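# Topology and contacts: notes
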Amino acid sequence: MLLPSAFAEETPALLDLAEKLDVRRRDDPLMLVHELNQRLYNYFEYVPRHTRVDSPIDEAILSGKGVCQDFAHTMIALLRHVRIPARYVSGYLYRSREDHDRSTPDATHAWVDVLLPHLGWVGFDPTNNLIAHNRHIRTAIGRDYHDVPPTHGMFRGTTESELYVAVHVDAGEQPPALDRELPIPEDWSVLVERAQQPPEPNLAAIELQQMQQQQ
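Rules used throughout
- Residues numbered from 1 in each chain as written.
- Predicted model: local features only at pLDDT ≥ 70, side-chain atom pairs only at ≥ 80, totals over all residues.
- Heavy atoms only, no water.
- Helix = DSSP H or I, 4+ residues; strand = E, 2+ residues; numbered from the N terminus.
- Buried < 20%, exposed > 50% of the residue type's maximum accessible area, 1.4 Å probe, protein only.
- Contact = heavy atoms within 4.5 Å.
- Areas by Shrake-Rupley, 256 points an atom, 1.4 Å probe, with all protein chains shown as cover.
- Core = buried A, V, L, I, M, F, W, Y, C linked by side-chain atoms within 4.5 Å.
- Polar contact = N/O pair within 3.5 Å; in protein donor to acceptor, adjacent residues only side chain to side chain.
- Axes fitted to C-alpha atoms, helices over the stretch in contact; angles between N-to-C directions.
- Parallel < 35°, antiparallel > 145°, perpendicular 65-115°, else oblique.
- Nonpolar A, V, L, I, M, F, W, Y, C, P; charged D, E, K, R; others polar.

## Considering the overall build of the protein chain
In terms of regular secondary structure, the protein chain is built from 7 helices and 7 strands. N-terminal to C-terminal, the α/β element order of the protein chain is α-α-β-α-β-α-β-β-β-β-β-α-α-α. The burial tally for the protein chain puts 34% of its 215 residues in the buried class. Taking the intrachain contacts of the protein chain between residues at least 6 apart in sequence as the baseline, contacts between residues at least 24 apart amount to 64%. On the protein chain, roughly 14,800 Å² of surface is accessible, and the fraction owed to carbon and sulfur atoms is 52%.

## Some points on the side chain of Asn37
For Asn37, the location among the structural elements is in helix α2 (residues 29-43). Residue classification places Asn37 among the buried positions, given a relative accessible area of 2%. Residues within four places of Asn37 in sequence aside, it is in contact with Met75, Phe124, Asp125, Pro126, Asn129 and Leu130.

## Some details on the nonpolar core
Leu36, Leu40, Met75, Leu78, Leu79, Val112 and Val114 are the most contacted members of the largest nonpolar core, which has 38 residues in total. Counting only elements with at least two residues in this core, the list comes to α1 (12-20), α2, α3 (57-63), α4 (68-81), β3 (86-93), β4 (109-116) and β5 (120-125). The element that contributes the greatest number of residues to this core is α4, accounting for 8 residues. Sequence-distant contacts of Leu79, that is, excluding residues within four places in its chain, are made with Val33, Leu36, Ile84, Ala86, Val112 and Val114.

## Quick word on the environment of His81
With respect to the helices and strands, the residue His81 is situated in helix α4. Separated by 71 residues in sequence, His81 and Glu10 place their C-alpha atoms 7.2 Å apart. Those residues in contact with His81 that lie beyond four places of it in its chain are Glu10, Leu15 and Ala18. Within the local environment of His81, its side chain forms a polar contact with the side chain of Glu10, the two groups lying 2.9 Å apart.

## Structural notes on the packing of α1 against α4
Packing of α1 against α4 leaves a shortest axis separation of 10 Å and a crossing angle of 75°. Relative to α4, the element α1 is oriented roughly perpendicular. For the pair α1 and α4, contact is made by Leu14, Leu15, Leu17 and Ala18 and by Thr74, Ala77, Leu78 and His81, respectively. Class assignment of the residues belonging to the contact of α1 with α4 gives a composition of 6 nonpolar, 2 polar and no charged.

## Observations regarding the side chain of Ser5
Tracing the backbone shows Ser5 in the segment before α1. Within the structure, the side chain of Ser5 is placed 2.9 Å from the side chain of Arg80, a separation counted as a polar contact.

## Some remarks on the environment of Leu115
Its location among the elements puts Leu115 in strand β4. Judged by its relative accessible area of 35%, Leu115 is partly exposed. For Leu115 and Pro85, which are 30 residues apart along the polypeptide, the C-alpha to C-alpha distance reads 5.5 Å. Other than its neighbours up to four places away in sequence, Leu115 contacts Ile84, Pro85, Gly120 and Trp121.

## Re unusual backbone geometry
Notably, Asp22 is not glycine yet its phi reads approximately 60°, a positive angle. As for its placement among the helices and strands, Asp22 is situated in the loop between α1 and α2. We classify Asp22 as partly exposed; its relative accessible area is 32%. If you check the backbone angles, Arg83 has positive phi at about 65° while not being a glycine. Note on placement: Arg83 falls in the loop between α4 and β3.

If you want it as structure tokens, here you go:
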């Protein structure tokens, strides 16, 4: 989590931004990350669909506009530049009526985990100038978005496709209905033993095969 990656690499635009935001090594890395979280929040204007999932960070840095993915990639690259480990977090953000987040509530969200002395991995959300807490629902972590896309696959042909995503996050004291109906077995070894047992022979299929061989 210190090396440059596909979407979080050092570029001339990033180095200029590091100088502009006064990103440099200090004795207190926690204070540096706090300040960077706020400065990126003030530097970028949150504009949905201004960039694409595969846009380089220079596009957001030079325009001063982007989405949560651009905020996260820029912060990761700046922190790695000063040798602070940082990783990309993909998930969702719960928004109540009292919250006034800039990110849209009907899509996935992205923020940054930073490895800090004596604290371990701590989440920072530069899009909303927040410390990641119970409203941030983590689903995956990686070096950048390239490691944790919500969908991944391939198709053959010339047909065009478009992905539309709508997300609704609710707060509740009870687990989801699916978890209540299908509780996790206490002893997973029972399932493992069943999986390792050879399948029972299909007697009807064997008998039919023997009849065909005799003909």
